[in-house]
Amino acid sequence: MTGDDGHIHLILPDPVERAACFRVLAAGAARVVRSFASGDDWLAAGDEESCGVLLLRWDQPGTVDGAALLAHVAARDGIAAFVAAERLSIAESRAILRGGARDLLPAPLDPGLVRRAVDAALAERGSWLAARARRRAAEARLAGLTPRERDILDGIAAGLGNKAIARRLDLSPRTVEVHRANIMRRSGAGNVAELLHLCFTADYARAAPVDPVHFGA
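Residues numbered from 1 in each chain as written. Predicted model: local features only at pLDDT ≥ 70, side-chain atom pairs only at ≥ 80, totals over all residues. Heavy atoms only, no water.

On to unusual backbone geometry. A negative phi holds for most residues other than glycine; trans holds for most peptide bonds. With an omega dihedral of 0 degrees, the bond running from Ala107 to Pro108 counts as a cis peptide bond. Despite not being glycine, Asp170 shows a phi value in the positive range, around 60 degrees. Structurally, the position occupied by Asp170 is in the loop between helix H7 (162-169) and helix H8 (173-187). Note on Asp170: relative accessible area 71%, which makes it exposed. (Helix = DSSP H or I, 4+ residues; strand = E, 2+ residues; numbered from the N terminus. Buried < 20%, exposed > 50% of the residue type's maximum accessible area, 1.4 Å probe, protein only.)

Two side chains that carry opposite charge are able to pair once their charged atoms sit near each other. In the structure shown here, the tally under the stated rule is 13 salt bridges. Among the salt bridges present, the one from Arg57 reaches Glu17, with a minimum N-O distance of 2.9 Å. Here Arg57 is found in strand E3 (residues 51-57), whereas its partner Glu17 is found in helix H1 (residues 15-26), with 40 residues between them in sequence. Between Arg87 and Glu86 there is a salt bridge, with the nearest N and O atoms lying 3.9 Å from each other. A single network of salt bridges, built from pairs that share partners, joins Glu17, Arg57, Glu86 and Arg87. (Salt bridge = Lys/Arg side-chain N within 4 Å of Asp/Glu carboxyl O.)

Take the sheet that holds strand E4 (residues 80-85) next. With parallel pairing, five strands are arranged side by side in an open sheet as E2-E1-E3-E4-E5. The open sheet has two edge strands, strand E2 (33-36) and strand E5 (103-106), and neither has a second partner. In this sheet, adjacent strand axes meet at a mean angle of 20 degrees when their direction is disregarded. Where E4 meets E5, four bridges bridge the pair, whose relative direction is parallel. Paired with Ala84 across the two strands is Leu105, which belongs to E5. Contacts from H1 reach strand E1 (7-11), E2 and E3 within the one sheet, and its direction differs from that of E2 by about 175 degrees. Helix-sheet contacts for helix H5 (residues 111-142) involve E1, E3, E4 and E5, and the interaxial angle to E3 is about 150 degrees. (Pairing = 2+ DSSP bridges. Axes fitted to C-alpha atoms, helices over the stretch in contact; angles between N-to-C directions. Contact = heavy atoms within 4.5 Å.)

Take it as geometry only, folks, not as evidence of what the structure does.
So this is what it looks like as structure tokens:
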């Protein structure tokens, strides 16, 4: 297992529940599962970078509560967070899901349900990592463009020709042609179709909707 595969972290205060979930998640699979008794312990371990899936109890002992943990996770890239709780109002549930949780799981936790939910999250993580790699590669190829070249690239992406881009930016068509040639050279694109693919791939993360929520995966 590589670091990109994502470790599974459990923040479950109850030792019996924590042990049961640990056993079912670690069984029969080449994966790393780490368990913690509180949010304080998890943050003190300083191992968030390795975490791919996090299961936490909303009610936490110590100084770090469930809301603080979820906010911490939401600020990071690539952690699928599951929140377990026994009693939540509709407003609380909505706030948790909008705050970055992938799903809510009923408590007391059913280890079988936990295993299915985590397995699904890890399977989707592979696709997410591949998409992230493509996005970063596209962003790297476009990173050298100047601000003016990015303005012209926006026009190309909008389907405008050189004359229309020139009118929009108050430039001569010849200047647009020169910038366009520089864009192709800097990006390494062999044709306009490849250039547009790079552009849309790099912009995908900002345009894509948030992940759908699957209640009780």
